[in-house]
Amino acid sequence: MNLSAEIDTPETEAVKQPRIVRSYVLRQGRVTLAQKRAFSEQWPHFGIDYSGELQDFDAIFSRQAERVLEIGFGNGEQMHFAASNEPQRDFIGVEVHGPGVGRLLNALAGDNLKNARVYQHDAVEVLKNEIADGSLSEVRIYFPDPWHKTRHHKRRIIQVEFVKLLCRKIKPGGLLHMATDWEKYAEHMWDVCDAEPQLENQNGPRGFSTRPAWRRQTHFETRGLKLGHGVWDLLYTRS
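Summarised in this report is the structure supplied together with it.

Considerations on the overall build of the protein
1) Next: In terms of regular secondary structure, the protein is built from 9 helices and 9 strands.
2) Next: Looking at the protein as a whole, 47% of its 239 residues qualify as buried.
3) Next: Relative to all contacts within the protein whose residues are 6 or more apart in sequence, the contacts with residues 24 or more apart total 75%.
4) Next: On the protein, roughly 12,100 Å² of surface is accessible, and the fraction owed to carbon and sulfur atoms is 50%.

Quick word on the pairing of strand β3 (residues 66-71)
1) Next: With 5 of 6 residues buried, β3 is to be regarded as a mostly interior element.
2) Next: The pairing of β3 with strand β4 (residues 89-94) spans 6 bridges and is classified as parallel. Within β4, the position partnered with Glu 70 by the bridge is Gly 93.
3) Next: Chirality of the crossover, the property in question, places the unit of β3, helix α4 (residues 77-85) and β4 among those that are right-handed.

Quick look at the side chain of Gln 42
1) Next: Here Gln 42 lies in the loop between α1 (33-41) and α2 (43-46).
2) Next: Overall, Gln 42 belongs to the buried group, its relative accessible area being 16%.
3) Next: Those residues in contact with Gln 42 that sit more than four places away from it in its chain are Arg 37, Gly 47, Leu 105, Asn 106 and Ala 109.

Focus: the pattern of salt bridges
1) Next: Taken as a whole and judged by the stated rule, the model has 15 salt bridges.
2) Next: Through salt bridges with shared partners, a single ionic network connects Glu 66, Glu 86, Arg 89, Glu 138 and Arg 140.

Describing the pairing of strand β9 (residues 232-238)
1) Next: Counting buried residues along β9, 6 of its 7 residues qualify, which places the element largely inside the surrounding structure.
2) Next: Of the pairings in the sheet, the one linking strand β7 (residues 170-180) to β9 comprises 6 bridges and is antiparallel in character. Looking at the pairing, Met 178 lines up with Leu 234 of β9.
3) Next: Two strands pair when backbone bridges link them, and strand β8 (residues 199-201) and β9 are joined in this way by 3 bridges, in the antiparallel orientation. By the bridge assignment for β9, Leu 199 is matched with Arg 238.

Quick look at the sheet that holds β4
1) Next: Read from one edge to the other, the open sheet built from 7 strands follows the order β5-β4-β3-β6-β7-β9-β8, with strand pairing classed as mixed. The open sheet terminates on both sides in strands that have one partner only, identified here as β5 (116-119) and β8. Put simply, the sheet's adjacent strands are angled 20° from each other on average, direction ignored.
2) Next: Direction of pairing for strand β6 (residues 136-142) relative to β7: parallel, over a ladder of 6 bridges. If you follow Arg 140 over to β7, its bridge partner there is His 177.

Digging into the packing of helix α6 (residues 123-130) against helix α7 (residues 160-169)
1) Next: As a packed pair, α6 and α7 sit with axes 10 Å apart at the nearest point and diverge in direction by 40°. On the basis of the axis angle, α6 is oblique to α7. In this structure, α6 crosses over α7, and the sense of that crossing is left-handed. Contacts between α6 and α7 involve Val 124, Leu 127 and Lys 128 on the former and, on the latter, Phe 162, Leu 165, Leu 166 and Lys 169.
2) Next: For the contact of α6 with α7, the class distribution of residues is 5 nonpolar, no polar and 2 charged.

Overview of the side chain of Arg 156
1) Next: Inspection of the secondary structure assignment puts Arg 156 in the loop between β6 and α7.
2) Next: It turns out Arg 156 is buried and unbridged, and the closest side chain with the opposite charge, Asp 145, is 7.4 Å from it.
3) Next: Polar side-chain contacts of Arg 156 include one of 2.6 Å to the backbone oxygen of Pro 146.

Side note on the nonpolar core
A general feature of soluble globular proteins is that nonpolar side chains tend to end up buried together.
1) Next: Counting 36 residues, the largest nonpolar core has Ile 71, Ile 141, Ile 158 and Leu 176 as the members making the most contacts within it.
2) Next: Per-element tally for this core: the top contributor is helix α8 (residues 183-193), with 6 residues.
3) Next: By size, the runner-up hydrophobic cluster in this structure holds 16 residues, among which are Val 68, Ala 83, Leu 104 and Ala 116.

Criteria and cut-off values
- Residues numbered from 1 in each chain as written.
- Predicted model: local features only at pLDDT ≥ 70, side-chain atom pairs only at ≥ 80, totals over all residues.
- Heavy atoms only, no water.
- Helix = DSSP H or I, 4+ residues; strand = E, 2+ residues; numbered from the N terminus.
- Buried < 20%, exposed > 50% of the residue type's maximum accessible area, 1.4 Å probe, protein only.
- Contact = heavy atoms within 4.5 Å.
- Areas by Shrake-Rupley, 256 points an atom, 1.4 Å probe, with all protein chains shown as cover.
- Pairing = 2+ DSSP bridges.
- Right-handed = clockwise from strand over helix to strand, strands pointing away.
- Salt bridge = Lys/Arg side-chain N within 4 Å of Asp/Glu carboxyl O.
- Axes fitted to C-alpha atoms, helices over the stretch in contact; angles between N-to-C directions.
- Parallel < 35°, antiparallel > 145°, perpendicular 65-115°, else oblique.
- Left-handed = near helix turned anticlockwise from the far one by under 90°.
- Nonpolar A, V, L, I, M, F, W, Y, C, P; charged D, E, K, R; others polar.
- Lys, Arg positive; Asp, Glu negative; His and termini not counted.
- Polar contact = N/O pair within 3.5 Å; in protein donor to acceptor, adjacent residues only side chain to side chain.
- Core = buried A, V, L, I, M, F, W, Y, C linked by side-chain atoms within 4.5 Å.

Below you can see the structure in the form of structure tokens.
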């Protein structure tokens, strides 16, 4: 996933230097020839190059519409599903891992979908610098890395300051939708989001929903459910 934060760490000298803590580790894996070809052929149509300046998404999509941001879209199957089934909305995806980006580019091109664009960049920087405050109707964060070990919890994308950043970008009445198959992470999400005064849990404090129709059940989720694993969908309305 795509969260960065600065913390202070001791150095050999008296002056402390900031160190970047990220919520993801780049494990690029094998990029197929088709995925490589997607970057050269489809990126001009579906990719957004990070510039560090506010984007004019009305110009990018050639229309005014509700905008949905998916952070950490993995192999892109959910974003492809959403763009196909919600044509009235525009989708912006952010992912750092090349193989997943390439796969989504090919999928969007294959169905000639005009309502989706893709970043391959850090989500915090995209949110801070390229997306206007109050411009998003929804943010989706599905199955982020739970970082199981206690010493790694600081890498979890759902943190107090990150959620405050999301609240700046989501318009009043908009939605923050998170999903996880790790109960301890769901509890962490509740701890952070139930305490955020700009968010209201649609199912009450520490409440969760069954999977809504707009979120596709993934292959890995299906396998986990068959093994008796739980899945928690948390829906918060921005006040």
